[in-house]
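# Overview (structure and organization)
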Amino acid sequence: MARPREFDEAAVLDAAVHCFWSRGYEATSVRDLIESTGLTGASIYNAFGDKRAFYRRALAHYVQESIADRIRRCEGMAPRAAIDAFFAEILKRSLSDKDHKGCMLVNAALEVAPQDTEFKEDVAGVLNQLQSFFLGCVAAGQADGTITTALTADELARHLLGVLMGVRVLARVRPERGARGRHQRRFRPSRWRRGSSGIGRHNRSLASPLQETPAEAVTRR
């Protein structure tokens, strides 16, 4: 009969997420994971497998606690408000991340997925979930008249996913530290409306090469 685990699995996964997220997969050693989680090497292996398997579990935990949770919270909102709230939270997290960790999912897509088929499938699955969320918001907004029909719902959903990936990458490599306060003021959801000024200039440095925020892009007629 297997012995019950004598540790809090969620807390251990939180610690592993922080370790992998801060250092990256390749730079994280088993010793780092031992120090971060407080478990022995044998306990880690028995509970989660080798380093690769532990990273996969940690990434899945990150997705559920961060990305999937954000989608769940936004799904109950009106279509345009859901897009506003989603990006406002992403921008706030990106601009307030003093360690410039970026997004663990995007980091995995760049560092691990190209050489690992299973991770590539994992990342693609989450990106599909994100695109499906945007697609649902856009389709509903087009139906109620709050989102433009100049492009199809599929096209706008792909655009929003691309903007999201760009924000997360640029916030890591070019965070524009001197302008953080200004960026946060400009990206208040209440300012994401047609005709708002100033926001488009921000997109050249962080959010998008377009002269609009994601919300403006889909609501412009």
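Before reading on, note that the structure itself is shown above.
Structural notes, computed from the coordinates. (Residues numbered from 1 in each chain as written. Predicted model: local features only at pLDDT ≥ 70, side-chain atom pairs only at ≥ 80, totals over all residues. Heavy atoms only, no water.)

## Re the packing of aromatic side chains
The tally for this structure, following the rule as stated, stands at 13 aromatic pairs. Relative to Tyr-55, the ring of Tyr-25 has its centre 4.8 Å away and its plane inclined at 50°; by these criteria the two rings are tilted. Here Tyr-55 lies in helix α4 (residues 51-75) and Tyr-25 lies in the loop between α1 (9-23) and α2 (30-37), a separation of 30 residues in the sequence. Where Phe-48 meets Phe-54, the ring centres are 4.5 Å apart and the plane angle is 15°; that geometry is what we call stacked. Assessed through its relative accessible area of 6%, Phe-48 is described here as buried. Among the aromatic side chains, those forming a connected cluster through ring pairs are Phe-7, Phe-20, Tyr-25, Phe-48, Phe-54, Tyr-55 and Phe-119. One Lys or Arg, Arg-70, reaches over the ring of Phe-86 and ends 5.7 Å from the middle of that ring. (Phe/Tyr/Trp six-rings, centres within 6.5 Å; stacked < 30°, edge-to-face > 60°. Helix = DSSP H or I, 4+ residues; strand = E, 2+ residues; numbered from the N terminus. Buried < 20%, exposed > 50% of the residue type's maximum accessible area, 1.4 Å probe, protein only. Lys NZ or Arg CZ within 6 Å of the ring centre and 35° of its normal.)

## Focus on the nonpolar core
Ranked by size, the top nonpolar core spans 53 residues in total, and within it Phe-20, Phe-54, Tyr-62, Phe-86, Met-104 and Phe-134 carry the most contacts. Those elements that provide at least two residues to this core are α1, α2, α3 (41-48), α4, α5 (79-96), α6 (104-111), α7 (117-144) and α8 (153-173). At nine residues, α4 tops the list of elements feeding residues into this core. The contact partners of Phe-86, leaving out residues within four places of it in the chain, are Arg-70, Ile-71, Cys-74, Leu-130, Phe-133, Phe-134 and Leu-164. (Core = buried A, V, L, I, M, F, W, Y, C linked by side-chain atoms within 4.5 Å. Contact = heavy atoms within 4.5 Å.)

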